[in-house]
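Observations on chain architecture
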Amino acid sequence: MARYEPQTSESNWQTAWDDAGVFTAKRDPAKPKYYVLEMFPYPSGKLHIGHVRNYTMGDVIARYKSSSGFSVLHPMGWDAFGMPAENAAMASGGHPADWTYGNIATMRDQMKPLGLSIDWSREFATCDPEYYGQQQSMFIDFMEKGLVYRKNATVNWDPVDMTVLANEQVIDGCGWRSGAPVERRDLTQWFFKISDYSDELLTAIDGLDNWPDKVKLMQRNWIGKSRGLQFAFERTDGGEAIEVYTTRPDTLMGASFVGISADHPIAKALEAENAEVAAFVAECRKGGTTEEALEKAEKLGFDTGIKVRHPLNPEWELPVWIANFILMDYGTGAIFACPAHDQRDLDFCRKYDLPVIDTFLSLDDPKPVETEAFVPPKTEKVKWINHFAGLDEATGDAAINATIDLAERDGWGKGQTQFRLRDWGLSRQRYWGCPIPVIHCDTCGVVPEAKENLPVELPKDVSFDVPGNPLDRHPTWRDCICPQCGGAAKRETDTMDTFVDSSWYFARFTAPRAETPTDLADAEYWMNVDQYIGGIEHAILHLLYSRFFARAMHICGHLPASAVEPFDALFTQGMVTHAIYQTRNAEGRPVYHYPDEVELRDGGGFLKDGTEVEIIPSAKMSKSKNNVVDPQDIISAYGADTARWFVLSDSPPERDVEWTAAGAEAANKHLARVHRIATDIAAQTGDGKGDEDLLRATHKAIHDVTMGIESFGFNTAVAKLYAFTNVVQKSKAGAEARREAMRVLAQLMSPMTPHLAEDVWAMLGGEGLIAQAPWPKADPAMLVEDSVTMPIQINGKRRSEISVPKDMAKEEVEKLALADDAVVKALAGNAPKKLIVVPGRIVNVVI
RNA sequence: GCGGGCGUGAUGGAAUGGUAGACAUAUCGGACUUAAAAUCCGAAGGGCCUAUGCCCGUGUGGGUUCGAGUCCCACCGCCCGCACCA
């Protein structure tokens, strides 16, 4: 009989599927539709095992839904714009487009042998002019709807390379190539008005029933709706009052100073006339722009000498300080500090010897603040010290409301709702991105390109030998005709953030060749994405931007109203990790070794020459650390099904998984075993005698595996398949009964190991392709157990067990439990204190 | 620093608040074999000399509960995000 030979059979089945057009998505009015989407990959060069895991999960869902009678859309494309292509061009010459399309070809070739049920006819890359031209068209639509504007924003500026740096290119406050300290610099940039949708994006989260709670919580916190008080501090020198926004107006009596951002108009005015201020503000502008960098930076302050009056007591004067931790982007760019109830303010005040005033004390432990700020939850009752609204004991929440009411009644402040969410800055001063289709005309100003001139294509003849944006220094590309007045004009040279590209690709997949961004009829049929799968690292930005885009596309007529929340269900998978093997060179710097260079023995790892390597366990796969596992090796050694089976088994999909070659070998052994059992059963002769146990096990397997797939419990589904395989193997039932069980096993395995499933199906006389066979159904009658084993606990510890009919009355169970030897012994003639019977689950006797 | 998550045998992990360790990997023992591989069968959280008996055990320390891996609080460690990485 034939052995398990995936190398030959897998490509044969892939051809068979292609010939039958099994995976071509068709609008079929007779069937419900199902849209499965995994986040599309960045074409970094090679597929890695993490991709295999991600796409296999999606494929299990796609194949399962297809078998369950759905018309399935399961597409694939490439998130193809971005910095690595330009970096590659800088490092080794060549053109970003060649590098990108070359990588796409390689990765597509690696992906196809996996046997994924993808409709490849819909493939596109975001760097295709056909795609980004439609994106430009939508940008113009968004402009017309008032969703696009320009304003100044801060970027990381490398003063040596004279170029804008991405956050990841800033290392310890310095440029990654030049090593020069990075400065913050203002540029005029393009923005999407996502803030128009702050409240809408927040409240709509409530409707995302099939999203993980953690993602919804992260999005809520990111949008950050808060209610606070806006009011002004009058200056003693008669200058313009300083507007501040605070979410803790209740602590106003503890105000120590007023702080303003280094970018605040007052700071800018002082900067022009005072050298000391200028020096301090320049110091504040050093370092990267990330919130993390700002928060972690040493808190610095500068006393401007300006004084303001406390709104509740005109006699009380507060100093105005410039502080490096205050953001101009949030609120009004000015705050008042209450050191007693904010650790950062306290640290600042101790450093600069500013007063610390308690406004409320703990009820349990009423002592004044010294080195640790007292910051109880706003729901906790505290004791107020001469509160201006007359409060004594009250929660923070109550005090905030009382303060806002008071300020509004007396007319010195106004309650206000504020969002943390900022508008989406989409400008990038880089070449390899979608050009912003806008023209700067001396007569007409900033005007959109005419749609008939789209796409505005990137010029091919560019060089990357100097830093900066090649579009800026291209000799002719910028020259154009103003679409409004017909005069000579210049193109915008900023390109779009790659998040724009990935904010609508899911919609484009519904009609990838349409001459408009979408085809409404196709979008109506296929949207929404029924199951979206991707990394948790995209929990906030990508998903939030996509939710905004879907709304913007809807008001521009590119998506139906039903698609404003584009992802019905979301699943976030973990990443695949692998140990890093390193030795040290003469200078003590680490040298990384590929896994196949290292032999593991005696609890250590050794190179061929016997040198012991240092093993760093479970690190995220990274090209630079040489710990990326290439699925190609596993596929050529064991076949695609082994790779698929392994990435699905053992680890729960949402958790990170450590790659081990041993696991792949073991997975392969199991698949070979299934093949062998099928071969044996196919050869089995004799009667068709059925078997109650086998039948029950079959229906239980159908039920368990189906539930496992439905709930993304692939690892537990695999465990159930192992158990069922053991039952089938050992079953003494007749030939036809075992064939039937084996066919069901093949079907249940088919979403995970589709090629092997076809092998087995064909061997056992299954009709047609298993990929097109309907999913088996469990008979509920076969799932019911007649009797159940109930553990008996004494004082919460398991001491015995009894077997009882499934629906035995509680009183009967109690009687049986009290008659149990262990219980009789423990009671020693006394009556139990308490007797707990959870029907069908457990008995607990409390003594 | 802020927001979110995770932590269970040698290993991956299982477990609607109800028998902790399902299922597997590695290991050990046995069968088969001239032998090996493959395959099949079996053992196995730690400890108490014996066990159908008892104690301990889900990162650490507390708490709620008849009962906690699961819920609450604090801490430790790791991971993700922090708006120009994708």
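Rules of the game
- Counting starts from 1 at the beginning of each chain's written sequence and moves along it residue by residue.
- Written order decides the labels, with chains lettered from A and ligands numbered from 1.
- Only residues with pLDDT of at least 70 are given local features in this predicted model, and only at 80 or more are side-chain atom pairs given and counted; all residues enter the totals for whole chains, interfaces and linings.
- Computation of side-chain values: all heavy atoms of the structure, hydrogens and water removed.
- UniProt positions are given in the numbering used here, feature names are shortened, and annotations may be inferred rather than shown by experiment.
- Numbering goes from the N terminus for both helices and strands, where a helix is a DSSP run of H or I of at least four residues and a strand is a run of E of at least two.
- Two strands make a pair as long as DSSP finds a minimum of two bridges between them.
- Angular values range over 0 to 180 degrees, each being the angle between N-to-C directions of two axes fitted as lines to C-alpha atoms, with helices fitted over their stretch in contact.
- Residues are labelled near a given molecule or strand when at least one of their non-hydrogen atoms is within 4 Å of it.
- A 3.5 Å cut-off defines polar contacts: any pair of N or O atoms within that distance qualifies, except that in protein one atom must be a possible hydrogen donor and the other a possible acceptor, and neighbouring residues in sequence count only when both atoms are side-chain atoms.
- Lys, Arg, Asp and Glu make up the charged group, whereas Ala, Val, Leu, Ile, Met, Phe, Trp, Tyr, Cys and Pro make up the nonpolar group; the residues left over, Gly among them, are polar.
- Aromatic rings from Phe, Tyr and Trp, taking only the six-membered ring of Trp, are treated as a pair when their centres fall within 6.5 Å; an angle between ring planes under 30 degrees marks them as stacked, one over 60 as edge-to-face, and anything in between as tilted.
- The rule is short: NZ of Lys or CZ of Arg within 6 Å of the ring centre and within 35 degrees of the ring normal puts a charge over the ring.
- In this entry, domain limits derive from an automatic or database-based domain assignment.
- Here, expected helix span is obtained from the residue count minus one, scaled by 1.5 Å.
- Exposure is judged per residue with a 1.4 Å probe applied to protein chains only, and the accessible area is read against the type maximum: over 50% gives exposed, under 20% gives buried, and values in between give partly exposed.
- Any two residues having at least one pair of non-hydrogen atoms within 4.5 Å are treated as being in contact.
- In this text, buried Ala, Val, Leu, Ile, Met, Phe, Trp, Tyr and Cys residues form a nonpolar core when linked through side-chain atoms within 4.5 Å.
- Salt bridge criterion: a side-chain nitrogen from Lys or Arg within 4 Å of a carboxyl oxygen from Asp or Glu.

1. Focus on the UniProt feature "short sequence motif: 'HIGH' region" (unreviewed entry) in chain A
- With numbering matched to this structure, UniProt assigns "short sequence motif: 'HIGH' region" (unreviewed entry) to residues 41–51.
- Secondary structure over residues 41–51 splits into 27% helix and 0% strand, and the C-alpha atoms at its two ends are 8 Å apart.

2. Focus: the sheet that holds strand β26 (residues 570–573)
- Spatially, four strands are ordered β2-β1-β25-β26 in an open sheet, and the strand pairing comes out parallel. Two strands close off the open sheet at either side, each with one partner strand: β2 (71–73) and β26. Pairs of neighbouring strands in the sheet enclose a mean axial angle of 20 degrees, with direction left out of account.
- Here strand β1 (residues 33–38) pairs with strand β25 (residues 531–535) via three bridges, running parallel. The residue of β25 that forms the bridge with L37 is Y532.

3. Quick notes on the protein's contact with RNA strand B
- The immediate surroundings of RNA strand B are formed by 68 residues, with Y42, N167, R422, R430 and N844 found nearest.
- Expressed as a percentage, the sugar and phosphate content of the atoms of RNA strand B within 4 Å of the protein is 65%.
- A distance of 3.5 Å separates a phosphate oxygen of RNA strand B from a polar backbone atom of G425.
- R430 places a side-chain nitrogen or oxygen 2.3 Å from a base oxygen of RNA strand B.
- Top contributing element to the surface near RNA strand B by residue count: helix α22 (residues 714–730), with seven residues.
- Classifying every residue of the surface near RNA strand B by side-chain character gives 24 nonpolar, 18 polar and 26 charged.

4. Topic: the packing of aromatic side chains
- Taken as a whole and assessed by the stated rule, the structure comprises 46 aromatic pairs.
- Members of the aromatic cluster, connected to one another through ring pairs, are F139, F142, W190, F192, Y197, W424, F499, Y545, F548 and F549.
- Here R491 stacks its cationic end above the ring of W477, 5.9 Å away from the centre of that ring.

5. Thoughts on the domain arrangement of chain A
- The assigned domain composition of chain A is domain 1 (29–137 + 500–573), domain 2 (225–419), domain 3 (577–620), domain 4 (649–783) and domain 5 (787–846).
- The straight-line distance from the C-alpha centre of domain 4 to that of domain 5 is 38 Å.

6. Some thoughts on α22
- With 17 residues, α22 should reach 24 Å at 1.5 Å per residue; the first-to-last C-alpha distance of 24 Å fits that figure.
- Those residues of α22 not exposed but buried are F714, N715, A717, V718, L721, F724, T725 and V728.
- Each element contacted by the buried residues of α22 is listed here: α2 (49–67), α19 (640–648), α20 (661–683), α21 (692–710) and α23 (735–749).

7. Focus on unusual backbone geometry
- Of note, the bond from L454 into P455 is cis; its omega dihedral lies within 30 degrees of zero at -5 degrees.
- Among the secondary structure elements, P455 is positioned in the loop between β21 (445–448) and α13 (470–473).
- Cis rather than trans, the peptide bond between M527 and N528 has omega equal to 5 degrees.
- Looking at the secondary structure, you find N528 in the loop between α16 (520–526) and β25.
- We note that M162 has phi near 55 degrees; this positive angle belongs to a residue other than glycine.
- Note that M162 resides in the loop between β3 (148–158) and β4 (163–165).
- In the Ramachandran plot, D353 falls in the positive-phi region, its phi being about 60 degrees despite a non-glycine side chain.

8. A word on the sheet that holds β3
- If you walk across this open sheet you meet the four strands as β4-β3-β7-β18, and the pairing is antiparallel. Each edge of the sheet is formed by a strand with only one pairing partner; in this case those strands are β4 and β18 (424–425).
- By the bridge criterion, two bridges tie strand β7 (residues 183–192) to β18 in an arrangement that is antiparallel. Across the sheet, residue F192 finds its bridge partner in β18, namely W424.
- Lying on the sheet, helix α5 (residues 129–144) is in contact with β3 and β7; it crosses β7 at an angle near 85 degrees.

9. Section: the nonpolar core
- Among the nonpolar cores identified, the biggest contains 150 residues, and F142, F192, Y505, F549 and M742 are the most heavily contacted of them.
- Two domains each put at least three residues into this core: domain 1 (29–137 + 500–573) and domain 4 (649–783).
- Leaving out residues up to four positions away in the same chain, M742 has contacts with V674, I677, A678, I681, V728, V760 and L764.

10. Remarks on the packing of α19 against helix α24 (residues 754–763)
- Interhelical geometry of α19 versus α24 gives an angle of 115 degrees and a closest axis separation of 7 Å. Along its contact with α19, which presents A640, D641 and R644, the element α24 presents P754, H755 and L756.
- Looking at the contact of α19 with α24 residue by residue, the classes come out as three nonpolar, one polar and two charged.

11. What to know about the pairing of β3
- Of the strand pairs in this sheet, β3 and β7 are connected by ten bridges, and their pairing is antiparallel. Bridging from a neighbouring strand, V148 pairs with F192 of β7.
- As paired strands, β3 and β4 are joined by three bridges and run antiparallel to one another. Bridged to N156 within β4 is L165.
- Between the antiparallel neighbours β3 and β4 lie four residues, among them M162 with a positive phi of about 55 degrees.

12. Topic: the environment of P832
- Residue placement: P832 occurs in the loop between α27 (821–827) and β35 (834–838).
- A C-alpha to C-alpha distance of 64 Å links P832 and D633, two positions 199 residues apart in sequence.

13. A look at the pattern of salt bridges
- Scanning all chains against the criterion turns up 38 salt bridges.
- The partner of R248 in a salt bridge is D250, and the shortest N-O contact between them spans 2.9 Å. By the burial criterion, R248 is buried, and D250 matches it.
- A single salt-bridge network, built from bridges that share partners, covers E200, R547, R551 and E565.

14. Description of the environment of Y197
- Mapped onto the secondary structure, Y197 falls in the loop between β7 and α6 (198–203).
- Taking the relative accessible area as the measure of exposure, Y197 reaches 14% and is therefore buried.
- Between the alpha carbons of Y197 and N726 there is a distance of 55 Å; along the sequence they are 529 residues apart.
- Once you skip the residues sitting within four places of it in the chain, Y197 turns out to touch L147, F548, R551 and I555.

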